[in-house]
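# Descriptive structure summary
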Amino acid sequence: QVQLVESGGGLVQPGGSLRLSCAASRIIFSINAMGWYRQAPGKERELVAQISSGGSTIYADSVKGRFTISGDNAANTVYLRMNSLKPEDTAVYFCNFRLRTGYGYWGQGTQVTVSS
C-alpha cells in the first residue's frame, strides 16, 4: 500500500514562511500531476497548487505570488514553499498524487497554523 508522507507544518506568525514536503513510501509510476490541497474548519477541501508531469503549475488565486510548488516526478516528491503567510492560510494541508488513470493518492495531512 502506497503512503504519502507530509512534513513541514507547524505554527508560524503572520508574514512568516513554511516549506511543506511530501514523499511517497515507494515509487509510483504514471503520475499525471502532484498537488497540495487544504481544508480549514467548516470549509470544503480546496486546491492550493498543482504541478503537472510536464512542469506546468496552477495556483489558487488566494496564494498566487506567495506560494510556490515544486516537485520531482521521478522521485515522487512534491514541495510547497509558503511565504507571507496569513491567518486565513490556517488549515490542514494534504498532498495528492494523481495518476493518468485518474486515481489519486492522498497524504494524511499536516496542520499549518498562522497566528500571532
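Now for a description of the structure that goes with this document. Not measured: the values here are computed from a predicted model.

Further remarks concern the packing of aromatic side chains. What the rule picks out here adds up to two aromatic pairs. Judged by centre distance (4.9 Å) and plane angle (65°), the rings of tyrosine 37 and tryptophan 106 are edge-to-face. Of this pair, tyrosine 37 sits in strand 4 (residues 31-39) while tryptophan 106 sits in strand 10 (residues 104-106), placing them 69 residues apart in sequence. Judged by centre distance (5.0 Å) and plane angle (80°), the ring pair of tyrosine 103 and tyrosine 105 falls under edge-to-face. Given a relative accessible area of 46%, tyrosine 103 falls into the partly exposed group. Positioned over the ring face of tyrosine 79 is arginine 19, at 4.1 Å from the centre of the ring. In this structure, arginine 45 is placed above the aromatic ring of phenylalanine 94, and the distance from its NZ or CZ to the ring centre is 3.8 Å.

Each disulfide consists of a covalent bond between the sulfur atoms of two cysteine residues. Overall, the coordinates contain one disulfide when judged by the stated rule. Put simply, cysteine 22 and cysteine 95 are joined by a disulfide, and their sulfur atoms are 2.0 Å apart. Torsion about the S-S bond of the cysteine 22 and cysteine 95 cystine: about 50°, corresponding to right-handed handedness. Linking cysteine 22 in strand 3 (residues 18-24) with cysteine 95 in strand 9 (residues 91-99), this pair joins segments that are 73 residues apart in sequence. Looking at cysteine 95, the relative accessible area reads 0%, which means it is buried.

So, about the side chain of glutamine 50. Structurally, glutamine 50 can be placed in strand 5 (residues 46-52). At 3.3 Å, the side chain of glutamine 50 forms a polar contact with the side chain of arginine 98. When sequence neighbours within four positions are dropped, the list of residues in contact with glutamine 50 reads Ala33, Met34, Gly35, Tyr37, Ser56, Thr57, Ile58, Ile69 and Arg98.

For the rest of this paragraph, the subject is the sheet that holds strand 8 (residues 77-82). Across a sheet, paired strands are connected by hydrogen bonds in the backbone, their directions being either parallel or antiparallel. Pairing within the open sheet is antiparallel, and its four strands lie in the order 1-3-8-7. This sheet does not close on itself; its edge strands, each paired only once, are strand 1 (4-7) and strand 7 (67-72). Ignoring which end each strand starts from, the neighbouring axes of this sheet average 15° apart.

What counts, and where the lines are drawn
- Residues numbered from 1 in each chain as written.
- Predicted model: local features only at pLDDT ≥ 70, side-chain atom pairs only at ≥ 80, totals over all residues.
- Heavy atoms only, no water.
- Phe/Tyr/Trp six-rings, centres within 6.5 Å; stacked < 30°, edge-to-face > 60°.
- Helix = DSSP H or I, 4+ residues; strand = E, 2+ residues; numbered from the N terminus.
- Buried < 20%, exposed > 50% of the residue type's maximum accessible area, 1.4 Å probe, protein only.
- Lys NZ or Arg CZ within 6 Å of the ring centre and 35° of its normal.
- Disulfide = S-S within 2.5 Å.
- Polar contact = N/O pair within 3.5 Å; in protein donor to acceptor, adjacent residues only side chain to side chain.
- Contact = heavy atoms within 4.5 Å.
- Pairing = 2+ DSSP bridges.
- Axes fitted to C-alpha atoms, helices over the stretch in contact; angles between N-to-C directions.

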